[in-house]
Amino acid sequence: MTGTSPVSRGFHRRRQDLGENAGRIPPGQYLTKDFPVLSAGPTPHTALDRWSFSVGRDGRQKSWSWDEFRALPSQDVTVDIHCVTKWSKLDTSWQGVSVDTLLDLAGHDGPFAMAHCDGGYTTNLPVEDLTGGKAWVAYAYDGRPLEPEHGGPARLLVPHLYFWKSAKWVRSLELRDTNDPGFWENYGYHIYGDPWREQRYAGD
Amino acid sequence: MAGTALRRRLTWQVAKVSAVSDETASVRTIMLDVPDCPGHQAGQHLDIRLIDEDRYVAERSYSIASAPGEGVAITVERLDDGEVSPYLTDELRVGDDLELRGPIGGYFTWEPADGGPLLLLARGSGVVPLRSILRYRERTGSDVSVRLLYSSRTLDDVIYRAELDRPAAGGRGDPHADPPSATGLGRLRAARRHGPAG
């Protein structure tokens, strides 16, 4: 991809050698120890007694209240995350419900999903990227309830795709037949978003 | 503004640095000659790519500082422990090549048809995309009322200070900026950013 690109006169790598972690940073990304916060709008604060989560076709969805959702079997996962704005963060620890669990209960009823969130944010994903132990609805980070600015009470966690796919404040996974673009995908971001193939923008 | 989709493929191209100007001791504006320039919206950004002799690649995003129709400029704040910003502010010279692609984003943008009033909030280098909006408003003769609330650590750190101090061109409406204040807003958290959620 950079084969014909000119060397930038006077530019030298400055970041420390990543050693054994070098293979964990996708192209064009840099390592951060922070947890930057970027949102397309104000942070919603939904009371837990008004929170629910739904999975399925529009009009016939399986729904859980907060207490019901918290009673579902959960998993602890430690994963690397990669934001399209170029930062990557290694070994982030989450607790949440595997999307496999949710789809097994709600029914595998379509090849694509649109995540819908408080605040109106949406993002699209193939169901096969949400299954097979690759995706969770996470409600805890680093052993503590997920803070609203990081997507609490619950966010999608799909670490093998750019992190805009890991929608904050997620409330439903709507299954459908077509892979329609969500919010950022409509503004020119890639329809799929694989960081290892550097699929940042449409056409990458 | 929904649906102003930008589905055009974003290809890398080599621009040339046409001018640089220092805004503060640590902030520089870089003007670029971009060969294939599709035009941008006020508030959009670019991706910059640097490659060293070992083919090590670093990429970063920078807001476009200029108004649509003015050509392309970015304003960069040097972060001393950074990898890309010290290169752009200290090393890059007029006549150098700079690889970029864009413009990117279409959500946090403004054009006269969007109307107003506008309340623009920024701290530090967060003012850069707002400056594009302010200049575009002025260039298009828009009478939309606008207020910028802008916080900096010190008066010397105020970016575009001379420009922000001067009354709006033609004296339309209010001056477009209050005098900058060192005490200002403290650590203002912008409610809206132009990058995807992370």
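These figures come from a predicted structure and were not determined experimentally.

## Remarks on the overall build of chain B
Thinking step 1. Looking only at helices and strands, chain B features 3 helices and 8 strands.
Thinking step 2. What you see in chain B, going N to C, is helices and strands ordered as β-β-β-β-β-α-β-β-α-β-α.
Thinking step 3. Taking all 198 residues of chain B together, the buried fraction comes to 43%.
Thinking step 4. Within chain B, counting contacts between residues at least 6 apart in sequence, those at least 24 apart form 71% of the total.

## Considerations on helix α2 (residues 99-106) of chain A
All names here are of chain A.
Thinking step 1. Burial in α2 covers these residues: Val 99, Leu 102, Leu 103 and Ala 106. Considered in projection along α2, the buried side chains sweep an arc of 95° and stay on one side of the axis.
Thinking step 2. Remark: Gly 107 follows α2 within two positions and exhibits a positive phi of approximately 105°.

## Quick word on the domain arrangement of chain B
Residue and element names in this part refer to chain B.
Thinking step 1. Here chain B is partitioned into domain 1 (13-104) and domain 2 (112-171).
Thinking step 2. Distance from the C-alpha centre of domain 1 to the C-alpha centre of domain 2: 21 Å.
Thinking step 3. Contacts between the two partners involve 16 residues from domain 1 and, on the opposite side, 14 residues from domain 2.
Thinking step 4. Elements represented by at least two residues in the side of domain 1 that touches domain 2 include exactly β1 (13-24) and β5 (72-77).
Thinking step 5. Its residues assigned to classes, the side of domain 1 that touches domain 2 comprises 7 nonpolar, 6 polar and 3 charged.

## Observations concerning the nonpolar core
Thinking step 1. Counting residues in hydrophobic clusters, the biggest one holds 90 residues, and the most contacted among them are Ala115(A), Trp136(A), Val137(A), Ala138(A), Leu156(A), Val170(A) and Ile74(B).
Thinking step 2. Looking at which domains feed residues into this core, each of domain 1 (13-104) and domain 2 (112-171) of chain B gives three or more.
Thinking step 3. With residues near it in sequence (within four places) discarded, Leu156(A) still touches Ala115(A), Ala135(A), Val137(A), Ser166(A), Ala167(A) and Val170(A).

## Quick word on the sheet that holds strand β6 (residues 97-104) of chain B
Residue and element names in this part refer to chain B.
Thinking step 1. Taken in spatial order, the 6 strands of this open sheet run β4-β3-β6-β1-β2-β5, and their pairing is antiparallel. Here the strands that pair on one side only, and so sit at the sheet edges, are β4 (57-63) and β5. Strand-to-strand twist across the sheet, computed as the mean angle between neighbouring axes with direction ignored, equals 40°.
Thinking step 2. Across 7 bridges, the pairing between strand β3 (residues 45-51) and β4 is antiparallel. Bridging from a neighbouring strand, Ile 51 pairs with Val 57 of β4.

## Some points on the sheet that holds strand β2 (residues 52-57) of chain A
Residues and elements named next belong to chain A.
Thinking step 1. Read from one edge to the other, the open sheet built from 5 strands follows the order β3-β2-β11-β6-β7, with strand pairing classed as mixed. Strands at the two margins of the open sheet, each flanked by one partner only, are β3 (60-65) and β7 (122-126). Taken over all neighbouring pairs, the strand axes of this sheet differ in orientation by 20° on average, direction set aside.
Thinking step 2. In terms of strand pairing, strand β6 (residues 112-117) meets strand β11 (residues 170-176) through 6 bridges, oriented antiparallel. Bridged to Cys 117 within β11 is Val 170.

## Topic: the pairing of strand β2 (residues 27-33) of chain B
All names here are of chain B.
Thinking step 1. Within β2, 5 of the 7 residues are buried, which leaves the element mostly enclosed by the surrounding structure.
Thinking step 2. As paired elements, β1 and β2 share 7 bridges and run antiparallel to each other. The residue bridging Ser 21 from the neighbouring strand is Thr 29, located in β2.
Thinking step 3. Counting the residues between successive antiparallel strands, the hairpin from β1 to β2 contains 2 residues.
Thinking step 4. Examined bridge by bridge, β2 and β5 share 6 bridges and lie antiparallel to one another. Looking at the pairing, Thr 29 lines up with Thr 75 of β5.

## A short note on the interface of chain B and chain A
Thinking step 1. Facing the 36 residues of chain B at the interface are 37 residues of chain A.
Thinking step 2. Elements supplying a minimum of two residues to the side of chain B that touches chain A: β3, β4, α1 (85-91) and β6 of chain B.
Thinking step 3. Here the residues of the side of chain B that touches chain A are counted per class, giving 15 nonpolar, 6 polar and 15 charged.

Cut-offs applied
- Residues numbered from 1 in each chain as written.
- Chains lettered and ligands numbered in written order.
- Predicted model: local features only at pLDDT ≥ 70, side-chain atom pairs only at ≥ 80, totals over all residues.
- Helix = DSSP H or I, 4+ residues; strand = E, 2+ residues; numbered from the N terminus.
- Buried ≥ 20, exposed ≤ 12 C-beta atoms within 10 Å, placed from the backbone.
- Contact = placed C-beta atoms within 7 Å.
- Arc of directions from axis to C-beta.
- Domains from an automatic or database assignment.
- Nonpolar A, V, L, I, M, F, W, Y, C, P; charged D, E, K, R; others polar.
- Core = buried A, V, L, I, M, F, W, Y, C linked by C-beta atoms within 7 Å.
- Pairing = 2+ DSSP bridges.
- Axes fitted to C-alpha atoms, helices over the stretch in contact; angles between N-to-C directions.

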